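Residues per chain, in single letters:
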There are 2 protein chains.
Amino acid sequence: MSLSDLFGGDPFVPAQQVRIEPIQQRSTARLSGLLDAAATVVDEVGFDRITTAMVAERAGASIGTVYRYYPDRVAVLQALRERAVLRFRHRVSEQLKISAAKNWWDTVDVAITAFVDLYRSEPGFRIMHFSDREGASSVEDPESGFFARRVAAMLVEEFGLAGGDELILRLEVAVEMGDSILSRAFRIDPQGDERFIVECRVVTHDYLAGYYGPNVR
Amino acid sequence: MSLSDLFGGDPFVPAQQVRIEPIQQRSTARLSGLLDAAATVVDEVGFDRITTAMVAERAGASIGTVYRYYPDRVAVLQALRERAVLRFRHRVSEQLKISAAKNWWDTVDVAITAFVDLYRSEPGFRIMHFSDREGASSVEDPESGFFARRVAAMLVEEFGLAGGDELILRLEVAVEMGDSILSRAFRIDPQGDERFIVECRVVTHDYLAGYYGPNVR
DNA sequence: TGCTCACCGAGCGGAACTCGATCATAGGAC
DNA sequence: GTCCTATGATCGAGTTCCGCTCGGTGAGCA
């Protein structure tokens, strides 16, 4: 498994993203258009105030079209989140190709930078912090830890870190920490409070380095 | 400012908790009953699916009664959250009295334990992770950092830590990290995945100790 | 016996969501 | 190239459900 493989590859099959897979060309445009609309509306009014009518109008579509693709309101939000995750991974993949990472820390740092950049440029990116809610039923979240597992496999292969459940757990913790601190950075300041961003890098680095050393490989 | 002061004292004035202050006795019972009902419903169906009708029915009250006390649906959730915060602070205060903390780490550890205990025993306690959402408007959240500021003042006074914005920032980061990791611990396992709880203590301790040393005072 | 507090629940407005009618497109027949 | 048609895609009026109001009724206090 290579770097680009890890972050770029598709193997992220949305559980229930759309009701009906688009067949004609215009519908794929519609689909992304709906998500674009949802993204800007989220930035404008927030998660809770968003209505399906707003999304439809913004996308130049009718209510019915929204429900053709998504079973309900929250499904739209979830789809938006999945797209954001995909774009994040894609961005990381690109950056890793440009500036080849020399060690595990470079990789993590690139990921943090990508996250910050997308937070700044991508409408509705704060949807990323829209994870656990939905206490509805005790359904296992297939995404939970998925990302950490893939990164772990990659780090083991690329940089020879000691793998296993230990590494996966720590990466999951690191992801959780990083996400929360960065979200805090952007909670008030739309450009992101630099102090928190710096602190995120420090914390993540120190936490992982504490177990695997700053210069492994 | 003393420990019990910090965590126990009232000085947490809810912005807009209730519409009408209860005058007769039965109404205070109603109020807490409504919140109890909201708490169990939150555990059952989640934040988004909760309806005012559910809360009313569960509390053995009518719709109108809910709205007598709370201006709208989210106000009920906010009130529930405020009560949870209050109970958390109260619990910490009690525990600090029982086992007098000898240093800053004892204090933090007690807080983490209290958080975990309440997560396990208190219905709807995961409402605690219901903080930032409400991206609606760029209204400054007065709560953001409030807790960290108070804890900082207390640590400076009790244990002689170097204070200032530096300490406040770090405590805010620590609170954010701790909350997210603990929430992750309980995301799937209702008893809390012990691995994440342990990791939360380690991370919080190492992070703060890295700047102030493990044995200050 | 009044007077205020507390409670109820039918009803209103608006948002989520459905469904049959209508339009657009791909792709085969010629 | 041009029809033609099956089916995908879109629309939006209508239904249902939910948040919230308000006038009427019961419960506690003086």
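Predicted model only: the values in this text are computed from it and were never measured.

J.: Could you give an account of the overall build of chain A, naming the residues involved and the relevant values?
T.: Looking only at helices and strands, one finds 9 helices and 0 strands in chain A. When each of the 217 residues of chain A is scored for burial, the buried share is 49%. In chain A, 73% of the contacts between residues at least 6 apart in sequence involve partners at least 24 apart. Surface accessibility of chain A: about 10,200 Å² in total, with carbon and sulfur atoms responsible for 52%.

J.: Help me get a handle on the packing of aromatic side chains, residues and values and all.
T.: Scanning the model with the defined rule gives 12 aromatic pairs over all chains in all. Plain terms: the ring middles of A:F88 and A:F115 are 5.6 Å apart, the flat faces sit at 85° to each other, and that makes the pair edge-to-face. Pair noted here: A:F88 is in helix α5 (residues 73-98) and A:F115 is in helix α6 (residues 104-121), with a separation of 27 residues, a long-range link. Here the two residues A:F88 and A:F115 agree in accessibility, since each one is buried. A ring pair is formed by B:Y119 and B:F125, whose centres lie 5.6 Å apart and whose planes are at 75°; its orientation type is edge-to-face. In this structure, B:Y119 and B:F125 share a single accessibility class: buried. In textbook terms, an aromatic cluster arises when at least three aromatic residues are bridged by ring pairs, as seen for A:F88, A:F115, A:Y119, A:F125 and A:F186. The ring of A:F47 carries the charged tip of A:R126 above its face, separated from the ring centre by 5.3 Å.

J.: Any chance you could break down the protein's contact with DNA strand C for me, citing the residues and the numbers?
T.: Around DNA strand C sit 23 residues, and of these A:Y67, A:R73, B:S27, B:R30 and B:T65 come closest. Here, DNA strand C places atoms within 4 Å of the protein, and 82% of those atoms are sugar or phosphate. Taking A:T52, its side chain carries an N or O atom lying 3.0 Å from a phosphate oxygen of DNA strand C. At a separation of 3.1 Å, a phosphate oxygen of DNA strand C approaches a polar side-chain atom of A:Y67.

J.: Residues and numbers for the UniProt feature "DNA-binding region" (unreviewed entry) in chain A, please.
T.: Under the feature "DNA-binding region" (unreviewed entry), the UniProt entry names residues 51-70 of chain A. Between the first and last C-alpha atoms of residues 51-70 of chain A the distance is 13 Å; the span itself is 70% helix and 0% strand.

J.: Now, about the environment of A:A61: what can you tell me, with residues and values included?
T.: Residues and elements named next belong to chain A. Within the fold, A61 resides in the loop between α3 (52-58) and α4 (63-69). The class for A61 is buried, based on a relative accessible area of 16%. Linking A61 and G33, residues 28 residues apart in sequence, is a C-alpha distance of 9.3 Å. Excluding residues that lie within four positions of it along the chain, A61 makes contacts with R30 and A56.

J.: Requested: an account of the packing of helix α5 (residues 73-98) of chain B against helix α6 (residues 104-121) of chain B, with residues and values cited.
T.: Residues and elements named next belong to chain B. At a minimum axis distance of 9 Å, the contact between α5 and α6 shows a crossing angle of 130°. Comparing their axes, α6 and α5 come out oblique. For the pair α5 and α6, the crossing hand works out as right-handed. Contacts from R87, F88, R91, V92, Q95 and L96 in α5 reach T107, V110, A111, A114, F115, D117, L118 and S121 in α6. Partitioning the contact of α5 with α6 into residue classes produces 8 nonpolar, 3 polar and 3 charged.

J.: I'd like a rundown of the packing of helix α2 (residues 25-49) of chain A against α5(A), residues and numbers included.
T.: Residue and element names in this part refer to chain A. At a minimum axis distance of 10 Å, the contact between α2 and α5 shows a crossing angle of 105°. By the angle class used here, α2 and α5 are roughly perpendicular. Note on element contacts: α5 touches α2 through R73, V76, L77, A79, L80 and R83, opposite S32, L35, D36, A38, A39, V42, F47 and D48. Per-class residue counts for the contact of α2 with α5 are 9 nonpolar, 1 polar and 4 charged.

J.: A description of the environment of A:Q191 should follow, citing residues and the corresponding values.
T.: Residue and element names in this part refer to chain A. Checked against the element boundaries, Q191 lands in the loop between α8 (165-188) and α9 (194-212). Between the C-alpha atoms of Q191 and R120, which are 71 residues apart in sequence, the distance is 6.0 Å. The contact partners of Q191, leaving out residues within four places of it in the chain, are R120 and F186.

J.: I'd love a proper account of the confidence of the model for chain A, names of residues and values included.
T.: Residues and elements named next belong to chain A. The share of residues in chain A with pLDDT of 70 or more is 82%, and the mean pLDDT across the chain is 84. Ranking the elements of chain A by mean pLDDT puts helix α1 (residues 3-8) last, at 51, and α3 first, at 97. Considering only residues more than four positions removed or in separate chains, one finds that residues 8-15, a stretch of pLDDT under 50, has 15 contacts. Confidence drops under a pLDDT of 50 for residues 135-139, and excluding neighbours within four residues, the segment shows 5 contacts in the predicted structure.

Reading the values: the criteria
- Residues numbered from 1 in each chain as written.
- Chains lettered and ligands numbered in written order.
- Predicted model: local features only at pLDDT ≥ 70, side-chain atom pairs only at ≥ 80, totals over all residues.
- Heavy atoms only, no water.
- Helix = DSSP H or I, 4+ residues; strand = E, 2+ residues; numbered from the N terminus.
- Buried < 20%, exposed > 50% of the residue type's maximum accessible area, 1.4 Å probe, protein only.
- Contact = heavy atoms within 4.5 Å.
- Areas by Shrake-Rupley, 256 points an atom, 1.4 Å probe, with all protein chains shown as cover.
- Phe/Tyr/Trp six-rings, centres within 6.5 Å; stacked < 30°, edge-to-face > 60°.
- Lys NZ or Arg CZ within 6 Å of the ring centre and 35° of its normal.
- Near = heavy atom within 4 Å.
- Polar contact = N/O pair within 3.5 Å; in protein donor to acceptor, adjacent residues only side chain to side chain.
- UniProt positions renumbered as here; feature names shortened; annotations may be inferred.
- Axes fitted to C-alpha atoms, helices over the stretch in contact; angles between N-to-C directions.
- Parallel < 35°, antiparallel > 145°, perpendicular 65-115°, else oblique.
- Left-handed = near helix turned anticlockwise from the far one by under 90°.
- Nonpolar A, V, L, I, M, F, W, Y, C, P; charged D, E, K, R; others polar.
- pLDDT = per-residue confidence, 0-100.

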